[in-house]
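Residue strings, one per chain:
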Amino acid sequence: MELYHNDMSVCAQKVRVTIAEKNLSPIEHHLNLGAGDSHTPAYLQLNPKGVVPTLIDKGRVIVESTVICEYLDDAYPEIPLRPSDPFERAQMRKWTLVPDAGLHLWCSTVSFAIAWRHQDRSEQMKKWTPQVRAERLEAINSGLDAPLVKPHLHNYVGVLKKMGEALRSNTWLTGGSYGLADIAMLPYVCRLDDMAQNWIWEESDDMRPITDWLERCRSRPGYAGIARHYNTAVVANMKQHGEQAIDKVRELLSTD
Ligand SMILES: N[C@@H](CCC(=O)N[C@@H](CS)C(=O)NCC(=O)O)C(=O)O
């Protein structure tokens, strides 16, 4: 098994957490996204969108992190990460589709506006589609003042509110068992935490259950899929810019 990934990519984190929970050990190929590694002709043959992660298992290529996680649960069922009850599995899928239904874009906007804009992404930028470039350039050039940041931030926090609601009466997002729903959300909570925005749920009655859920997730074997790859220099930079952004984030969230 081979995994093409990036240390701090939320989509790659999701897949690595699943892999770690299942105690699998793929050969890892780390791509430097900022340097444009995901847009080389060879990589585009594997992943035509030029994004990470990509899994190769038994000689077959699988893309899209949500699909990869389900594939891993199908192909390596010894440690199951999905409820067996069809209704509960449907609830799980309501969570796993959240990143593809918008959360990933909102997270990208907020990450660029707070932290990534301070890194050199010139090579990567040349490869973005016109729409992606337009959206990200807005956040890169204007940071948290970019018009699209406020709605994307509100939408991001809207997902946290739904998590808070689900976790009020349950240990894990789909009930009593940890699984792909929790794994799908974990990198997006960690991203805000890495950018010093953990106050968002810690100071809110509605979202506070996320604090204990995050601790529970961090005590799982799967968390190695995030922690083992943490790029300490990048995280220190994210934290520093995140701390400087707290007042502005508060201001943006204080009005509709
Ligand atoms: N829907 C895709 C999204 C993958 C994605 O956007 N990956 C980002 C990192 S989290 C990436 O590789 N970006 C590189 C680029 O846009 O140049 C998935 O879930 O696998």
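Residues numbered from 1 in each chain as written. Predicted model: local features only at pLDDT ≥ 70, side-chain atom pairs only at ≥ 80, totals over all residues. Heavy atoms only, no water.

**Things to note about the UniProt feature "domain: GST C-terminal" (unreviewed entry) in the protein chain**
- Sites flagged by UniProt as "domain: GST C-terminal" (unreviewed entry) map to residues 85–234.
- Across residues 85–234, the secondary structure splits into 67% helix and 0% strand, with the terminal C-alpha atoms separated by 41 Å. (UniProt positions renumbered as here; feature names shortened; annotations may be inferred. Helix = DSSP H or I, 4+ residues; strand = E, 2+ residues; numbered from the N terminus.)

**Examining the side chain of Gln-197**
- As for its position among the elements, Gln-197 is in the loop between α9 (180–194) and α10 (199–202).
- Given a relative accessible area of 1%, Gln-197 falls into the buried group.
- Excluding residues within four positions of it along the chain, Gln-197 makes contact with Ile-114, Leu-192, Gly-242, Ala-245, Ile-246 and Val-249. (Buried < 20%, exposed > 50% of the residue type's maximum accessible area, 1.4 Å probe, protein only. Contact = heavy atoms within 4.5 Å.)

**Observations regarding the pattern of salt bridges**
- All told, the structure shown has 16 salt bridges when counted by the stated rule.
- A salt bridge links Lys-248 to Asp-145, with the shortest nitrogen-to-oxygen separation between them at 3.0 Å. Of this pair, Lys-248 sits in helix α13 (residues 232–254) while Asp-145 sits in the loop between α7 (130–142) and α8 (149–169), and the two are 103 residues apart along the sequence.
- By relative accessible area, which is 24% here, Lys-248 ends up partly exposed.
- Taking the relative accessible area as the measure of exposure, Asp-145 reaches 57% and is therefore exposed. (Salt bridge = Lys/Arg side-chain N within 4 Å of Asp/Glu carboxyl O.)

**A word on the sheet that holds strand β4 (residues 60–63)**
- The strand order across the open sheet built from four strands is β2-β1-β3-β4, with neighbouring strands paired in mixed fashion. Edge positions in the open sheet fall to β2 (27–30) and β4, since each of these has one partner strand only. For this sheet, the mean inter-axis angle between neighbouring strands, taken without regard to orientation, is 20°.
- With four bridges connecting them, strand β3 (residues 54–57) and β4 associate as antiparallel partners. In the sheet register, Asp-57 faces β4, and the bridge partner there is Arg-60.
- Set on the sheet, helix α3 (residues 65–75) makes contact with β3 and β4; between it and β4 the angle comes to about 125°. (Pairing = 2+ DSSP bridges. Axes fitted to C-alpha atoms, helices over the stretch in contact; angles between N-to-C directions.)

**Some details on the packing of aromatic side chains**
- Applying the stated criterion across every chain, the model contains three aromatic pairs.
- When the centroid spacing of 5.7 Å and the interplanar angle of 50° are considered together, the rings of Tyr-4 and Tyr-43 count as tilted. One end of the pair, Tyr-4, is in strand β1 (residues 2–5); the other, Tyr-43, is in helix α2 (residues 41–46), and 39 residues separate them in sequence. A single burial state applies to Tyr-4 and to Tyr-43, both of which are buried. (Phe/Tyr/Trp six-rings, centres within 6.5 Å; stacked < 30°, edge-to-face > 60°.)

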